[in-house]
Amino acid sequence: MSENFIKDDSLKLKNSKEKWDFKQSIINGLKSGINTTWVLAKIMVPVYLIVTIVKHTFLLDAISNLFMPFMNIVGLPGEAAIVLVLGNMVNLYAALGAIATLTLTSKEITIIAVMLSFSHSLFMETAVAKKTGINVVVILLIRLCLSIVSGLLLNIFL
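Computed from a predicted structure; not experimentally measured. One numbering rule holds for all chains: residues counted from 1, following each sequence as written. Whole-chain, interface and lining totals are the exception, using all residues; otherwise, since this is a predicted model, local features are given only for residues with pLDDT of at least 70 and side-chain atom pairs are given and counted only at 80 or more. The basis for every side-chain value is the complete set of non-hydrogen atoms in the structure, without hydrogens or water.

A. Main features of the overall build of the chain. The helix count covers DSSP runs of H or I at least four residues long, the strand count covers runs of E at least two residues long, and both are numbered beginning at the N terminus. Of regular secondary structure, the chain possesses 8 helices and 0 strands. Mapped from its N terminus to its C terminus, the chain presents α and β elements in the order α-α-α-α-α-α-α-α. Classification of residues uses two cut-offs on accessible area relative to the type maximum, computed with a 1.4 Å probe and protein chains only: under 20% is buried, over 50% is exposed, and between them is partly exposed. Counting the 158 residues in the chain, one finds 28% classified as buried. Contacts are assigned to residue pairs that have any heavy atoms within 4.5 Å of one another. Restricting the contact set of the chain to residue pairs at least 6 apart, pairs at least 24 apart contribute 68%. Throughout, the Shrake-Rupley method with a 1.4 Å probe supplies accessible areas, and for residues the shown protein chains are the sole cover considered. For the chain, the exposed area adds up to about 11000 Å²; of that, 71% sits on carbon and sulfur atoms.

B. Molecular detail of the packing of helix α6 (residues 106-119) against helix α8 (residues 136-157). Each axis is a line fitted through C-alpha atoms, taken for helices only over the stretch in contact, and angles between the N-to-C directions span 0 to 180 degrees. At a minimum axis distance of 7 Å, the contact between α6 and α8 shows a crossing angle of 160°. As judged from the angle between their axes, α6 and α8 are roughly antiparallel. In this structure, α6 crosses over α8, and the sense of that crossing is right-handed. Facing α6, whose interface residues are Lys-107, Thr-110, Ile-111, Val-114, Met-115, Phe-118 and Ser-119, α8 presents Arg-143, Leu-144, Leu-146, Ser-147, Ile-148, Ser-150, Gly-151, Leu-154 and Asn-155. Our angle categories are set so that under 35 degrees counts as roughly parallel, over 145 as roughly antiparallel, 65 to 115 as roughly perpendicular, and the remainder as oblique. Handedness of a crossing follows from how the near helix is turned relative to the far one, being left-handed for an anticlockwise turn of less than a right angle and right-handed for a clockwise one.

C. Inspection of the side chain of Thr-101 at higher detail. Along the chain, the position of Thr-101 falls in helix α5 (residues 92-101). Judged by its relative accessible area of 6%, Thr-101 falls in the buried class. In this structure the side chain of Thr-101 is engaged in a polar contact, spanning 2.7 Å, whose partner is the backbone oxygen of Ala-98. The residues contacting Thr-101, other than those within four sequence positions of it, are Tyr-48, Val-51, Thr-52 and Lys-55. Two N or O atoms form a polar contact when they lie within 3.5 Å of each other; inside protein one atom must be a possible hydrogen donor and the other a possible acceptor, and for residues adjacent in sequence the pair counts only when both atoms belong to side chains.

D. Local environment of the environment of Ile-50. Mapping Ile-50 onto the fold places it in helix α2 (residues 22-55). Look at Ile-50 and you get exposed, because its relative accessible area is 54%. Considered as a pair, Ile-50 and Ala-98 are 48 residues apart in the sequence and their alpha carbons are 8.7 Å apart.

The structure is reproduced here in C-alpha cells:
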C-alpha cells in the first residue's frame, strides 16, 4: 500500500504544473539563515563580551587558580573551566563564545570539544531524560564520568 502511495505521489509531482521557485527558495533560505544567526548571536555575543571583560580583571586569575588542579589533570589551563561550566550549564554556543576569547592550543580545544560532547546542556537534557522516565542521577553520573574519562585519556594520548 505504501508503494502505491509513493508512486502516486511521484506521478503527481511529475504531472504537476508547479515549478520550483528559485527566487522564493533564496528568500526562504536567507530568512532562515538570518533567524539562525540572530538566535546564536543572542547567546554567543554576550558570553564573548562578558568573558573578555572577566579576562581583563582579577576574576579570571582567581577562577583559573581555583580550578587549575583539576583542569591540569585533563590537560587544560585553569581558565578553560569557564568554557566547561558554560557548555555544561548553558549550551555549546555559550562554550564557543568563551573559547573564542581564550588562547588555547588545538589539543586543548579537542579535549574541551570531546568532554562537552558527553556532558553539554546538562539542565535541559536532564529535564528531557526525566520526562522519558530514565533515572536522572544515573544519566548525570554516566555523562559526567564519560566526560572526565575522555579528558584524561585525550590528555594522555594526544
